[in-house]
Amino acid sequence: MLVNTTIDLYFLNLKIVQFCLSILYSPKLFTAALEDAFKLLDWKGYGININGEYITHLRFADDIVPMAESLEDLSTMLNDLNSVSQRIGLKMNMDKTKIMFNVHVTPMPVVVRNTKLEVVDEYVYLGQIVRLGKSNFDREVNRRIQLDWAAFGKLRHIFSSGIPQNLKTRLYTQCVLPVMTYGTETWSFTAGRMRKLKVAQRAMEGLCSEFLCVTNSEMRISAVEPE
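Residues numbered from 1 in each chain as written. Predicted model: local features only at pLDDT ≥ 70, side-chain atom pairs only at ≥ 80, totals over all residues. Heavy atoms only, no water.

(A) Summary view of the overall build of the protein chain. Counting its regular elements, the protein chain contains 7 helices and 10 strands. Looking at the protein chain as a whole, 28% of its 227 residues are labelled buried. Considering only contacts in the protein chain between residues 6 or more positions apart, those separated by 24 or more positions represent 51%. If you sum the accessible surface of the protein chain, you get close to 15,200 Å²; carbon and sulfur atoms cover 57% of it. (Helix = DSSP H or I, 4+ residues; strand = E, 2+ residues; numbered from the N terminus. Buried < 20%, exposed > 50% of the residue type's maximum accessible area, 1.4 Å probe, protein only. Contact = heavy atoms within 4.5 Å. Areas by Shrake-Rupley, 256 points an atom, 1.4 Å probe, with all protein chains shown as cover.)

Here it is in structure tokens:
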């Protein structure tokens, strides 16, 4: 009985090791496979010409944004990508593949693997709304504020609990405020956008102050005090 238990534990530990290794190496193996797929592509002459160099795509893990000067070129690029992906065992998700273009492009359907791709005005890429036009950052600011309020609401029961004030302040500055400020390094700010963010921040700090019995300024000071 003891031997069987030892064997069971051995196999259990082996499975845990295999699981941990799969978590550790799977993203790297996928990235390597995807890199091999792109090496098989011949996209010379495609893409967008920027200062004499053609930018064909943006890529972060499996989030890929091919770019072209016409929908005809884009259709060719996507079908090529689909073909080489299948050769190495990968498959494009047609439900998540969307098309977006500006007013300077002649509209035409883009079909990949007998599937007509949906045309959208905006989509979320790496956590931010991508939208062609001047209203891009306005939409993202409003979306970030909504997400921030949602994050605040999920933690409201903690803010109203009896845990120490410094922990509540740290929770707000580390888990709530970053939701609103995510990606702000890439934004183009105007006075109106700054005002929206400040109003939302002060409103949340006001609610936190009610729970913490401190002022907004005291809360900000305690958030940056060294431990």
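(B) Structural detail: the packing of aromatic side chains. Counting across every chain of the model gives 4 aromatic pairs. A ring pair is formed by Trp-149 and Phe-152, whose centres lie 5.8 Å apart and whose planes are at 80 degrees; its orientation type is edge-to-face. Of the two residues, Trp-149 and Phe-152 are both situated in helix α3 (residues 136-154); the distance of 3 residues between them amounts to about one turn of the helix. The exposure class assigned to Phe-152 is buried, which follows from its relative accessible area of 1%. Look at Phe-152 and Phe-159: their rings are 5.2 Å apart centre to centre, the planes differ by 25 degrees, and that puts the pair in the stacked class. Here Phe-152 matches Phe-159 in class, with each residue buried. Three or more aromatic residues joined by ring pairs form one cluster here, namely Trp-149, Phe-152 and Phe-159. (Phe/Tyr/Trp six-rings, centres within 6.5 Å; stacked < 30°, edge-to-face > 60°.)

(C) Layout of the nonpolar core. Counting 18 residues, the largest nonpolar core has Leu-78, Leu-81, Ile-99, Val-110 and Leu-117 as the members making the most contacts within it. Secondary structure elements with two or more residues in this core: α1 (2-39) and α2 (71-87). Setting aside chain neighbours within four positions, we find Leu-81 in contact with Phe-38, Leu-41, Trp-43 and Met-92. Ile-145, Tyr-172, Leu-197 and Cys-208 belong to the second-largest nonpolar core, a separate cluster that totals 15 residues. (Core = buried A, V, L, I, M, F, W, Y, C linked by side-chain atoms within 4.5 Å.)

(D) Representation of the pattern of salt bridges within the structure. Evaluation of the coordinates by the stated rule reveals 6 salt bridges. One continuous salt-bridge network, built from bridges that share partners, spans Glu-140, Arg-143 and Arg-144. (Salt bridge = Lys/Arg side-chain N within 4 Å of Asp/Glu carboxyl O.)

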